[in-house]
Amino acid sequence: MLDRDGYRPNVGIILINHKHEVFWGKRVREHSWQFPQGGIKPGESPEAAMYRELLEEVGLLPQHVKILGRTRDWLRYDVPTNWVRREWRGSYRGQKQIWFLLKLVGRDCDVCLRATNHPEFDGWRWNDYWAPVDAVIEFKKDVYERALTELTRFLKGVESRRDYLARIAGDAPSLPDEG
């Protein structure tokens, strides 16, 4: 189901742990990593799609997570033409996504990548909050940065993207010794 502009309605999921690290999934048989995401079925609400995708891709149930927030509006990205199926070329442009920020209230061992017969991920890890922006495939970078930036309003104590970049570059001011 595409909208009139050629975008497929979709949800994106940013799952954090108690340290504000984000769940990062490795695509099956690929060397690419991404956040869980998936299409919204006709008649399905974004929240219902999010819970369905969370179960299908990560194996988590609603009781394992707490919704902290969601993006106010759709965030869009275009898919490069060479990635689009031939039969969709000319009509399909990309994804429009509502992004959800979830906190894991269950345990790491509740994650089950084999919850369905067609798993999306064959590995996962916790990552620094901002790290996925620099690691995701190029055409998704902007939407990842916009989603993470917008959703920081629901979190206390997450450093800004600028501070994160300074820290990983070694330009952040050092903290005083506590000894």
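So, how was this worked out
Residues numbered from 1 in each chain as written. Predicted model: local features only at pLDDT ≥ 70, side-chain atom pairs only at ≥ 80, totals over all residues. Heavy atoms only, no water. Helix = DSSP H or I, 4+ residues; strand = E, 2+ residues; numbered from the N terminus. Rg over C-alpha atoms; globule rule 2.2 N^0.38 Å. Buried < 20%, exposed > 50% of the residue type's maximum accessible area, 1.4 Å probe, protein only. Polar contact = N/O pair within 3.5 Å; in protein donor to acceptor, adjacent residues only side chain to side chain. Contact = heavy atoms within 4.5 Å. Core = buried A, V, L, I, M, F, W, Y, C linked by side-chain atoms within 4.5 Å.

Student: So what's going on with the overall build of the protein? Which residues, and what values?
Tutor: A count of helical and extended segments in the protein gives four helices and eight strands. In summary, the protein has a C-alpha radius of gyration of 17 Å against a globular reference of 16 Å for 179 residues, a match within 12%. When the backbone C-alpha atoms are referred to their principal axes, the protein occupies close to 65 × 35 × 35 Å. In the protein, which comprises 179 residues, the share counted as buried stands at 44%.

Student: Tell me what's going on with the side chain of Asp3, and back it up with residues and numbers.
Tutor: Counting through the fold element by element, Asp3 comes out in the segment before β1 (7–16). Judged by its relative accessible area of 18%, Asp3 falls in the buried class. At a separation of 3.2 Å, a polar atom in the side chain of Asp3 contacts the side chain of Lys96. Asp3 has contacts with Arg76 and Lys96, leaving out every residue within four places of it along the chain.

Student: Pulling in residues and values, what's your account of the nonpolar core?
Tutor: Ile14, Ile16, Phe35, Trp99, Tyr129, Tyr144 and Leu148 are the most contacted members of the largest nonpolar core, which totals 24 residues. Secondary structure elements with two or more residues in this core: β1, β2 (22–27), β6 (75–78), β7 (94–104), α2 (131–135) and α3 (141–151). Sequence-distant contacts of Trp99, defined by excluding residues within four places in its chain, comprise Gly12, Ile13, Ile14, Phe35, Gly69, Arg70, Thr71, Leu75, Val143, Tyr144, Ala147 and Leu151.

Student: Run through unusual backbone geometry, naming residues and quoting values.
Tutor: Unlike most non-glycine residues, His20 shows phi in positive territory, near 65°. Among the structural elements, His20 can be located in the loop between β1 and β2. Despite not being glycine, Arg29 shows a phi value in the positive range, around 55°. By the secondary structure assignment, Arg29 is in the loop between β2 and β3 (33–34).

Student: Let's hear about the environment of Gln37: which residues, and what values?
Tutor: Relative to the elements of secondary structure, Gln37 occurs in strand β4 (residues 37–39). Each C-alpha atom of the pair Gln37 and Arg161 lies 22 Å from the other, and the pair is 124 residues apart in sequence. Beyond its immediate chain neighbours, meaning those up to four positions away, Gln37 contacts Asn10, Val11, Gly12, Glu53, Glu57, Tyr77, Gln95, Gln97 and Lys140. A polar contact is formed between the side chain of Gln37 and the side chain of Tyr77, at a distance of 3.1 Å.

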